[in-house]
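Descriptive structure summary
Each chain, letter by letter, is given below.
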Amino acid sequence: MPMLYWLKWSQGKVLHDADLVRRVDEAEARIAEQHIQQNEAEARIAEQRIQQNEAKARIAKLSIQQNRGSQTTQTAQKLGSVWMKQAHKVMQLSCLPPMAEGASIVKTACAAVLGEFQTAPYTMPDLTGRVFASKKRKRGENAESDVYAPNHLSGATLADLIPMSMEVGFKEEEHMQPVLIPIIKAAMDSVQCDCYLIDTHSSNQLDDPISRPDCTLIAAGHMAMWTQVVSVWEFKIGSSKTETETMFGQQVERCQYVLDACDGRQFAVAVDLTMNSLEVITVAHQDYEDFKLSTTGPQPFSICDNSPGFQLLVNLLSTNKTDLGFVTSDLPDISQLEDHQFTVQLLLKKGTAQLGSGSWVFSVLLESGTHAILKLNNSPNEAVYDVAGGISNAAKRDIANRDITLNNFGQLEGRGYLYDFSAAKGMAIGKDLDLPPPSLV
């Protein structure tokens with residue numbers, strides 16, 4: 001092959017190979033871009049699957065909660081059905097003093113309650129005496145009749161005072177309870193009741209270990225704990241057999257827990273209030289750890305001095321709390337400690353240690369308006385003060401123990417010791433400390 005031809009042929013081959021390489025690179029770039037897009041699509045699909053699984057988990061959790069709530073309600077209804085049959089029906093509860101017919105205290109309370117509806121946000125309704133009628137269910141849907149369904153009530157009924165009660169969407173929490181609580185408080189003020197009414201339905205107070213009541217009459221201001229309960233109150237819109245049995249079962253359970261929480265208390269009181277009736281229940285200790293139930297039965301309720309339910313309400317609120325079974329708890333006086341003044345908002349925990357050494361944990365409001373947690377210890381020795389001093393002294397040296405547990409407290413000859421600083425850090429610089437062997441700080 002001539003040299004000139006070979007050079008031409010070799011140059012063309014080189015050019016051809018370079019064009020092929022360029023095309024291959026472009027194809028690989030397109031494939032890589034497709035892979036990126038595919039990976040992004042797979043990532044989006046994976047994210048959607050994660051969201052779908054999270055949604056399924058939320059649905060499952062809600063389903064469990066719904067089933068648990070349904071089971072609790074069904075259990076309360078079954079217990080209520082049994083306890084209603086066992087309860088003694090009485091015209092006059094032994095804890096309530098007899099009230100003379102036409103007593104002035106009832107008329108005064110009636111005027112006080114109606115006076116609430118002459119100012120905003122309420123307006124005085126027409127006193128029709130109409131009763132609240134539950135909507136009838138269709139045939140085959142567990143239709144039930146009201147346990148107590150009078151044709152007419154005297155004075156202003158709850159159906160008169162709550163206009164929304166005749167509308168679709170009438171709800172206990174949104175429409176009934178906001179009216180009932182001011183009614184009860186107005187009656188309390190008129191009879192100079194020395195207790196406090198707390199809305200425990202919309203708060204987390206009295207939540208454990210059983211369901212919280214709608215509102216609670218307590219003995220000490222803003223200290224909503226079971227040992228301070230004077231009476232528990234439950235509201236229900238209707239008074240069907242199912243609703244009445246459920247309400248009765250819930251209230252008896254609460255009263256039993258009040259008795260268990262209060263040493264020396266002999267009986268507890270519960271109040272059931274529907275749109276048409278009021279019932280008072282007492283649960284009393286009996287031999288062999290049994291309980292005796294007494295009830296007035298549902299009484300017609302309206303804001304009127306001749307309403308049996310309203311008379312019962314006034315009688316209950318005007319009765320001294322000790323006559324309602326309340327036993328004073330040995331609460332420490334913490335209105336003022338050293339140079340500080342406190343306003344107790346809530347007793348969070350009561351110590352259960354033997355020999356009175358348990359601690360009390362309060363939620364308090366300082367005079368400066370600051371919220372704080374206050375823990376009082378009734379220990380008769382100085383060990384707890386020594387440990388507190390050890391923590392304070394360590395803090396003054398910018399040392400955080402970071403392992404303050406009962407296992408790291410010691411006591412010897414009446415003095416307290418704080419030890420084990422293996423997890424300690426310097427608070428100012430946040431670094432590990434090279435400490436000597438554990439000893440008293």
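Note that this is a predicted model, so its numbers are computed, not measured. (Residues numbered from 1 in each chain as written. Predicted model: local features only at pLDDT ≥ 70, side-chain atom pairs only at ≥ 80, totals over all residues. Heavy atoms only, no water.)

Each helix and strand in the protein chain was counted, giving 7 helices and 16 strands. In the protein chain, which comprises 441 residues, the share counted as buried stands at 38%. Across the protein chain, contacts joining residues at least 24 apart in sequence account for 54% of those joining residues at least 6 apart. Carbon together with sulfur atoms contributes 52% to the accessible area of the protein chain, which is approximately 26,600 Å² in total. (Helix = DSSP H or I, 4+ residues; strand = E, 2+ residues; numbered from the N terminus. Buried < 20%, exposed > 50% of the residue type's maximum accessible area, 1.4 Å probe, protein only. Contact = heavy atoms within 4.5 Å. Areas by Shrake-Rupley, 256 points an atom, 1.4 Å probe, with all protein chains shown as cover.)

Next up on the list: the environment of His175. Relative to the elements of secondary structure, His175 occurs in helix 4 (residues 172-190). Here Lys171 takes part through its backbone nitrogen, which lies 3.0 Å from a polar atom of the side chain of His175. (Polar contact = N/O pair within 3.5 Å; in protein donor to acceptor, adjacent residues only side chain to side chain.)

The subject of this paragraph is the packing of helix 2 (residues 104-115) against helix 6 (residues 308-318). Where helix 2 contacts helix 6, the two axes come as close as 10 Å, and the packing angle between them is 100°. Judged by the angle between their axes, helix 2 and helix 6 are roughly perpendicular. Counting all contacts with helix 2, which are made through Ile105, Val106, Ala109, Cys110 and Val113, the residues of helix 6 involved are Phe310, Gln311, Val314 and Ser318. Of the residues contributing to the contact of helix 2 with helix 6, the split by class is 7 nonpolar, 2 polar and no charged. (Axes fitted to C-alpha atoms, helices over the stretch in contact; angles between N-to-C directions. Parallel < 35°, antiparallel > 145°, perpendicular 65-115°, else oblique. Nonpolar A, V, L, I, M, F, W, Y, C, P; charged D, E, K, R; others polar.)

Here the focus is the state of the cysteines. By definition, a disulfide links the sulfur atoms of two cysteine residues through a covalent bond. This structure, assessed with the given rule, holds 0 disulfides. There is no disulfide at Cys193, and the cysteine sulfur nearest it, in Cys195, is 4.2 Å away. Owing to a relative accessible area of 16%, Cys193 belongs among the buried residues under this scheme. Classification of Cys195 as buried rests on a relative accessible area of 9%. (Disulfide = S-S within 2.5 Å.)

Consecutive side chains along a regular strand alternate between the two faces of the sheet. With 2 bridges joining them, strand 1 (residues 88-89) and strand 7 (residues 290-295) adopt parallel strand pairing. When the bridges of strand 7 are listed, Lys89 appears paired with Thr295. Relative to strand 7, strand 6 (residues 277-286) runs antiparallel, the two sharing 6 bridges. Looking at the pairing, His285 lines up with Phe291 of strand 7. (Pairing = 2+ DSSP bridges.)

Quick look at empty space enclosed by the protein now. Any space left empty among the atoms is revealed by the rolling of a water-sized probe across them. Applying the stated criterion across every chain yields a total of 1 cavity of 30 Å³ or more. Taken as a whole, the largest cavity holds about 50 Å³ of empty space. For the largest cavity, the full set of lining residues is Ser239, Thr244, Met247, Asp272, Thr274, Ser277, Glu279 and Pro298. When contributions to the lining of the largest cavity are tallied by element, the ones reaching two or more residues are helix 5 (241-261) and strand 6. In the lining of the largest cavity, the residues fall into 2 nonpolar, 4 polar and 2 charged. (1 Å grid on protein atoms, 1.4 Å probe; cavity = no way out; pocket = protein on both sides within 12 Å on 5 of 7 lines; lining within 4 Å. Points joined across faces, edges and corners; volume = space filled by probe spheres on them.)

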